[in-house]
Amino acid sequence: MKVLVGIARIFVGIFFIISGFIKMNDPVGFSYKLQEYFGEDVLNLPFLQPFALGIAVFVVIYELLLGVMLILGYRKKFTMWSLLLMIVFFTFLTFYSAYFNKVTDCGCFGDALPLTPWQSFWKDVVLLVLILLIFIKGKFFKPLFEPATSHKWIVFLVFIACLGFTYHVLMHLPAIDFRAYKEGTVIREGMKPKKGEVIPPIHDFGFYSREGDATEEILNADKVLLVVAYNLSKSENQGWSNIKIAVKKAQEKGYRVVGLSASGPQETNQVKETYGFDFPFYFTDETAIKTIVRSNPGLVTIEKGVIIQKVHYNDADDLELK
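All figures in this text were calculated on a predicted structure; none of them were measured in a lab.

Q: Any chance you could explain the pairing of strand E4 (residues 256-261) here in plain terms?
A: The side chains of a regular strand alternate, residue by residue, between the two faces of the sheet. Most of E4 is tucked away, with 5 of its 6 residues classed as buried. The sheet contact formed by strand E3 (residues 224-229) and E4 spans 6 bridges and is parallel. Each residue of the ladder has a partner; that of Val227, found in E4, is Gly259. Between E3 and its parallel partner E4, the chain crosses via helix H9 (residues 237-252), and the hand of that crossover is right-handed. Taken together, the 3 bridges between E4 and strand E5 (residues 281-283) define a ladder with parallel strand orientation. Within E5, the position partnered with Ser261 by the bridge is Phe283. Since E4 and E5 lie parallel, the crossover through helix H10 (residues 265-275) that links them has a hand, and here it is right-handed.

Here is the structure:
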């Protein structure tokens, strides 16, 4: 039994570390998933939606730390109770989501490993069984090494590292891009369904305006700079100031500059007037825009339909223009 508990402890610990790190790499994306869960048609907790990003940051750091604490054997009772309560909650949430078909992807592993609601539920059931084993046979839950007092410093250093990494990806972009719009992606290829699938990786995407569909025209262009903002009313003012400089440089180098947003004409015209932009804005699905770049606003360069570079508005100066 001691060996079995040890194996369960290592497995669950590593699982929580990996799961936490993947979501920590993209806390903005995880916050979008939480907003979906908080929606009126799921948990009916819309008052929590404005706090989704803060909750997301707390959850991912807490999840990773619990994995580390479990492996180290640090603060035994607190760790076991935290793991048990967390997995009970997520097991209920994934069952509710799967049974009532509320959320199509749980977001447990972000975009790195999309899981269906039922796959996520059974994953949580397995974790629940393993955590219950660790909880019930707690007498076998011993510190990994002595002196045990050193564990707190390891946990503290991991916590500081998590804070630093999370801050970095929030102020820039995810360190690893698992999404369908990562750099090097051929957009036309992404718009084709993969073998055995109906929905292609890139869908609900295009460049639409009152004049019609300009998708093919823009994807055929030699050099395009996309100014992307899923919601102009929620975009950062400082971001637009940074982007204005990049837009001017791109236009001087012969780039075709276009905006892409899910906001209406009134908001786009207001932004154009405020910052003196003379390029057109096109409309596309908000979820697609959120997936393209985790920055509101953000910048994307495209050459002949291939995504070359994506940058956060904080890194507008780092945009490589040919």
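Q: Would you mind showing me how to read the packing of aromatic side chains here?
A: Each pair of aromatic rings is reported with the distance of its centres and the angle of its planes. What the rule picks out here adds up to 23 aromatic pairs. Ring geometry for Phe58 against Tyr62: centres 5.4 Å apart, planes inclined by 20 degrees, an arrangement best described as stacked. Placement of both Phe58 and Tyr62 in helix H3 (residues 52-72) is noted, with a separation of 4 residues, approximately one turn of the helix. Looking at Tyr62, the relative accessible area reads 23%, which means it is partly exposed. Linked through ring pairs, Phe92, Phe95, Tyr96, Tyr99, Phe100, Trp118, Phe121 and Trp122 together constitute an aromatic cluster. The aromatic ring of Phe30 is capped on one face by Lys23, whose charged end is 5.6 Å from the ring centroid.

Q: How should helix H6 (residues 150-171) be read in this particular structure?
A: One turn of the α-helix equals 3.6 residues, which is why residues spaced by three or four share an orientation. The first and last C-alpha atoms of H6 sit 32 Å apart over 22 residues, in line with the 32 Å expected at 1.5 Å per residue. Where the residues of H6 are buried, they touch helix H1 (2-24), helix H2 (27-38) and H3.

Q: Got a minute to help me understand the pairing of strand E6 (residues 298-303) in this structure?
A: Counting buried residues along E6, 6 of its 6 residues qualify, which places the element largely inside the surrounding structure. Burial of the side chains of E6 extends over both faces: Gly298, Val300 and Ile302 are buried on one face and Leu299, Thr301 and Glu303 on the other. As paired strands, E3 and E6 are joined by 5 bridges and run antiparallel to one another. When the sheet's bridge partners are listed, Val228 is paired in E6 with Gly298. In this antiparallel pair of consecutive strands, E6 and strand E7 (residues 306-312), the connection spans 2 residues, and Lys304 shows a positive phi of 55 degrees.

Each value, and the rule that gives it
- Residues numbered from 1 in each chain as written.
- Predicted model: local features only at pLDDT ≥ 70, side-chain atom pairs only at ≥ 80, totals over all residues.
- Heavy atoms only, no water.
- Buried < 20%, exposed > 50% of the residue type's maximum accessible area, 1.4 Å probe, protein only.
- Helix = DSSP H or I, 4+ residues; strand = E, 2+ residues; numbered from the N terminus.
- Pairing = 2+ DSSP bridges.
- Right-handed = clockwise from strand over helix to strand, strands pointing away.
- Phe/Tyr/Trp six-rings, centres within 6.5 Å; stacked < 30°, edge-to-face > 60°.
- Lys NZ or Arg CZ within 6 Å of the ring centre and 35° of its normal.
- Expected span 1.5 Å × (residues − 1).
- Contact = heavy atoms within 4.5 Å.

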